[in-house]
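Coordinates in review
Here is what each chain is made of, one letter per residue.
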Amino acid sequence: MRYYLRVIIPIFSLCIFTLVGSVFVRLKEKEIISGSKAIVEGTVTGFRTHWNEYKTFVYTEFDIEVKESLIGAVDSTIKVTVAGGTMDGRLYQVHGIPLLRTNKRYLLFLTDDKTKAMGYRIFGYAQGLYIIKTREGEDIAYPMADGVLFLDNNGNKIPGLTPRPLQVLKNRIKQVGAELGLR
């Protein structure tokens, strides 16, 4: 019986985690805000997809026209680099790291690329990206965390992120940023 449990439980666990795509420890509100170098609202105006120098990794650079910077000083146009993209007719995507779309509006929590050559990266993976859609005349920020399982620091499953009115979310970011001494 013990042999079967040692075999069945790992297989069952693998099946469960395969269905969700990615598993992340959910960042607390203050953690994602304080960990971001900049938090901006912007629109994707263009992109370029590249292989790394060894042709083992695909990444996409997105050009973002910044409408508003909530935290951090940024230029009016910035570059955000994301793992994955379409190269040579094939889609390469990392679960939990959504690809952006041209002419769509986003709220992005950003951090510097460590090499400084690739612009910004999204902080917190899927947790740091919201798509903005207008519903019944109101802008709503929808989290881009589909297929992501969130855990607390003890490994317990917790609810995912929920859509929020954009202005409410922006006001909360500014309030928490001010409490943390961020500008």
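As a reminder, the structure under discussion sits directly above these lines.
A few points on the structure. Throughout this description, residue numbers start from 1 for each chain and increase along the sequence as written. The predicted origin of the model limits local features to residues at a pLDDT of at least 70 and limits the giving and counting of side-chain atom pairs to 80 or more, whereas totals for whole chains, interfaces and linings rest on all residues. With hydrogens and water stripped out, all remaining heavy atoms of the structure feed into the side-chain values.

1. Here's the deal with the overall build of the protein
Strands here are runs of E lasting at least two residues and helices are runs of H or I lasting at least four, both read from the DSSP assignment and numbered beginning at the N terminus. Looking only at helices and strands, the protein has three helices and 13 strands in total. In this description, contact between two residues means that some pair of their heavy atoms is separated by no more than 4.5 Å. In the protein, of all internal contacts separated by at least 6 residues, the share reaching a separation of at least 24 is 58%. Just so you have it, the protein exposes about 11,100 Å², and 54% of that area is on carbon and sulfur atoms. Computed with a 1.4 Å probe, the accessible areas rest on the Shrake-Rupley method; for each residue, only the protein chains presented here act as cover.

2. Let's talk about the side chain of glutamine 127
Here glutamine 127 lies in the loop between β8 (120-122) and β9 (129-135). Residue glutamine 127 is classed as buried on the basis of its relative accessible area of 5%. A distance of 2.6 Å separates the side chain of glutamine 127 from the backbone nitrogen of leucine 27, its partner in a polar contact. Throughout this description, buried means an accessible area under 20% of the type-specific maximum (1.4 Å probe, protein chains only), exposed means over 50%, and partly exposed covers the range between. N or O atoms within 3.5 Å of each other form a polar contact, as long as, within protein, one can give a hydrogen and the other can take it, and as long as residues adjacent in sequence are counted only when both atoms are side-chain atoms.

3. Structural notes on the pattern of salt bridges
In what follows, salt bridge is the name for a side-chain nitrogen of Lys or Arg lying within 4 Å of a carboxyl oxygen of Asp or Glu. Here the structure, examined in full by the defined rule, presents eleven salt bridges. One salt bridge connects glutamate 29 with arginine 172, and the closest N-O pair in it is separated by 2.7 Å. Note that glutamate 29 is positioned in helix α2 (residues 29-34) and arginine 172 in helix α3 (residues 166-179), a separation of 143 residues in sequence. For arginine 172, a relative accessible area of 26% corresponds to the partly exposed category. Ionic pairing is found between glutamate 61 and arginine 48, a salt bridge with its closest N-O pair at 3.4 Å. Placement of glutamate 61 in strand β3 (residues 58-71) and of arginine 48 in strand β2 (residues 38-51) is noted, with a sequence separation of 13 residues between them. Classification of arginine 48 by relative accessible area gives partly exposed; the value is 33%. Taken together, the salt bridges that share partners define one network made up of Glu41, Lys67, Glu68, Arg105, Asp139, Lys170 and Lys174.

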